[in-house]
Amino acid sequence: MSKTKPFLISKKLVMEAYQRIKANKGAAGVDQQSLESFEANLKDNLYKIWNRMSSGSYFPPPVKAVPIPKKSGGERILGVPTVADRIAQMVVKLTFEPLVEPHFLRDSYGYRPNKSALDAVGVTQQRCWKYNYVVEFDIKGLFDNVDHDLLLKAVRKHTDNKWVILHIERWLKAPLQMPDGTLIERTKGLSQGGVASPVLSNLFLHYVFDVWMEKNYPGKPWCRYADDGLVHCKNEKEAQEILAALKHRFEMCKLELHPDKTKIVYCKDGKRKRSYPTTKFTFLGYDFRQRRTLKRETKEIFQSFNPAVSKDAMKSMRTHIRTLGIRYRTNHSLKEIADILNPILRGWIGYYGCYNRSALGSVMVYVNKTLTAWAMCKYKKLRGHKTRAGLFILKVQKENRRLFSHWKIGLGNGFA
């Protein structure tokens, strides 16, 4: 290390961080600088980041607060850092994440390489077959309430790298700039939208919940994805004891469980026939509940506790289709409409179609209805003739099943 650069940070690392940020894209922060604008003077801008981080003189600008509507109503604040600050955070993430990732436990799935939400859904399905009860918990406002002192204690447990610790401390304190320009100082919480926030929140909950569960309830299956978690129990008494212990544990760590989203669920199926107030739960966009299931070997139909796309997720998908305004894009051909919709449909089918794919059928019928409405707007001879327009789309579907992603796999046949 030189006298002028107390911290050894390679320029190559800064370049890699920039390339990661470029791949992720993202909106402009408080300085209104877009990624394209940043790249117009790329060499100098990257040098400034490297120079300031290496000298210890880098201070993050305020984080742009963007209100985002919540599915359950109300709003949450998404913090949007500047392009330069996202790159700086990525430099720290690339250095810090490899130090903590090996310590994270198997059943922690959120924000981790080689782990996915579908992995968590799959393991939850298997456990619901084996255990009668589930304690479902949700942390109220996790990103707003992470205790800085406890988090920094966890950070220091895994690294003595001074520049990593220094910059994490500064990001924790960076103020939020609200839409009206006012600045809000932060004494707790993480910026939801910050590049380094996912690994930091995961580290925090690693000690608040994951390690605590392994120590106090060894052998009790649990699964956590970010601030949503599940604990499987054999009987109601176990479930009640764990729920009470969880509430106390989170209070000790200055967090609160969401009262409406935290509950005990009875995994009712064909063999579990007890009457219980709650017999279903939603996890990662899937509704888990009793469903009619076909046993492949014997073709026998029985009642099993299984996941399928949630009602809220389907409502969100239909809303998204509406916002695209497909029916009014009469200057587009059907092929061009397919080019717009197929990447979206492939994503939905790939995720929500992984378990009980047929449950997606109603959403895909809605897509067909939207195509029918488009045909009525585009062709004069079909205006006011819903049935004829639907038959037109049905004919196209039969003649070219590969045009739309859901047609290929036979989802949502029909238009009515």
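Computed from a predicted structure; not experimentally measured. (Residues numbered from 1 in each chain as written. Predicted model: local features only at pLDDT ≥ 70, side-chain atom pairs only at ≥ 80, totals over all residues. Heavy atoms only, no water.)

1. Structural notes on the overall build of the protein chain
For the protein chain, the helix and strand inventory stands at 15 helices and 11 strands. Its C-alpha atoms give the protein chain principal-axis dimensions of about 80 × 60 × 40 Å. Of the contacts formed within the protein chain by residues at least 6 apart in sequence, a portion of 69% connects residues at least 24 apart. For the protein chain, the computed accessible surface area is about 21,500 Å², with 51% contributed by carbon and sulfur atoms. Each charge class in the protein chain can be summarised by its mean position, and for the 73 positive and 38 negative side chains these summaries are 8 Å apart. (Helix = DSSP H or I, 4+ residues; strand = E, 2+ residues; numbered from the N terminus. Contact = heavy atoms within 4.5 Å. Areas by Shrake-Rupley, 256 points an atom, 1.4 Å probe, with all protein chains shown as cover. Lys, Arg positive; Asp, Glu negative; His and termini not counted. Charge placed at Lys NZ, Arg CZ, Asp CG, Glu CD.)

2. Considerations on helix H7 (residues 148–158)
The complete set of buried residues in H7 reads His148, Leu151, Leu152, Ala154, Val155 and His158. Each buried residue of H7 lies within a common arc of 155 degrees when the element is viewed along its axis, so the set occupies one face. For H7, the exposed residues lying more than 90 degrees away from the buried face are Asp149, Lys153 and Lys157. For H7, the elements touching its buried residues are helix H4 (83–100), helix H8 (162–173) and helix H9 (197–216). (Buried < 20%, exposed > 50% of the residue type's maximum accessible area, 1.4 Å probe, protein only. Arc of directions from axis to C-beta.)

3. Observations concerning the packing of aromatic side chains
The final tally for this structure, using the stated rule, is 18 aromatic pairs. When the ring of Phe137 is compared with that of Phe209, the centres are 4.8 Å apart and the planes differ by 55 degrees; the resulting orientation is tilted. Pair noted here: Phe137 is in strand S3 (residues 133–138) and Phe209 is in helix H9, with a separation of 72 residues, a long-range link. Residue Phe137 shares its accessibility class with Phe209, and that shared class is buried. An aromatic cluster of at least three residues, connected via ring pairs, comprises Phe137, Phe209, Trp222 and Phe250. (Phe/Tyr/Trp six-rings, centres within 6.5 Å; stacked < 30°, edge-to-face > 60°.)

4. Let's talk about the pattern of salt bridges
Pairing between side chains becomes possible if they bear opposite charge and their charged atoms approach one another. Tallying each qualifying case throughout the model produces 13 salt bridges. Linking Arg274 and Glu236 is a salt bridge whose minimum nitrogen-to-oxygen distance equals 2.8 Å. With a gap of 38 residues between them, Arg274 in the loop between strand S8 (263–266) and strand S9 (281–283) and Glu236 in helix H10 (residues 236–252) connect regions that are remote in the sequence. Arg272 is paired through a salt bridge with Asp269; the nearest N and O atoms lie 3.7 Å apart. Owing to a relative accessible area of 9%, Arg272 belongs among the buried residues under this scheme. The class for Asp269 is buried, based on a relative accessible area of 12%. A single salt-bridge network, built from bridges that share partners, covers Arg106, Asp107 and Arg127. (Salt bridge = Lys/Arg side-chain N within 4 Å of Asp/Glu carboxyl O.)

5. Some remarks on the sheet that holds strand S6 (residues 222–225)
Two pairing modes exist for strands in a sheet, parallel and antiparallel, and in both the strands are linked by backbone hydrogen bonds. Across the sheet, which stays open at both edges, the 4 strands sit in the order S6-S7-S3-S8 with antiparallel pairing between neighbours. Pairing within the sheet leaves two strands with one partner each, and these edge strands are S6 and S8. Each neighbouring strand pair of the sheet contributes to a mean axis angle of 20 degrees, computed without reference to strand direction. Against the sheet, helix H5 (residues 117–130) engages S3, S6 and strand S7 (228–233), with an angle of about 155 degrees to S6. Sheet contacts for H10: S3, S7 and S8; angle to S3, the most-contacted strand, approximately 15 degrees. (Pairing = 2+ DSSP bridges. Axes fitted to C-alpha atoms, helices over the stretch in contact; angles between N-to-C directions.)

6. Brief notes about the environment of Gln32
Assignment of secondary structure puts Gln32 in the loop between helix H1 (11–24) and helix H2 (35–40). We classify Gln32 as exposed; its relative accessible area is 57%. A C-alpha to C-alpha distance of 9.7 Å links Gln32 and Lys64, two positions 32 residues apart in sequence.

7. Some thoughts on the nonpolar core
Counting residues in hydrophobic clusters, the biggest one holds 69 residues, and the most contacted among them are Met53, Ile87, Trp163, Leu200, Val231, Leu246 and Phe250. When residues in this core are grouped by element, the largest group, 10 residues, is from H4. Excluding residues that lie within four positions of it along the chain, Met53 makes contacts with Phe7, Ile9, Tyr58, Ala88, Val91, Val92, Trp163 and His167. Ranked by size, the runner-up nonpolar core spans 51 residues in total, among them Leu118, Val121, Phe281 and Leu411. (Core = buried A, V, L, I, M, F, W, Y, C linked by side-chain atoms within 4.5 Å.)

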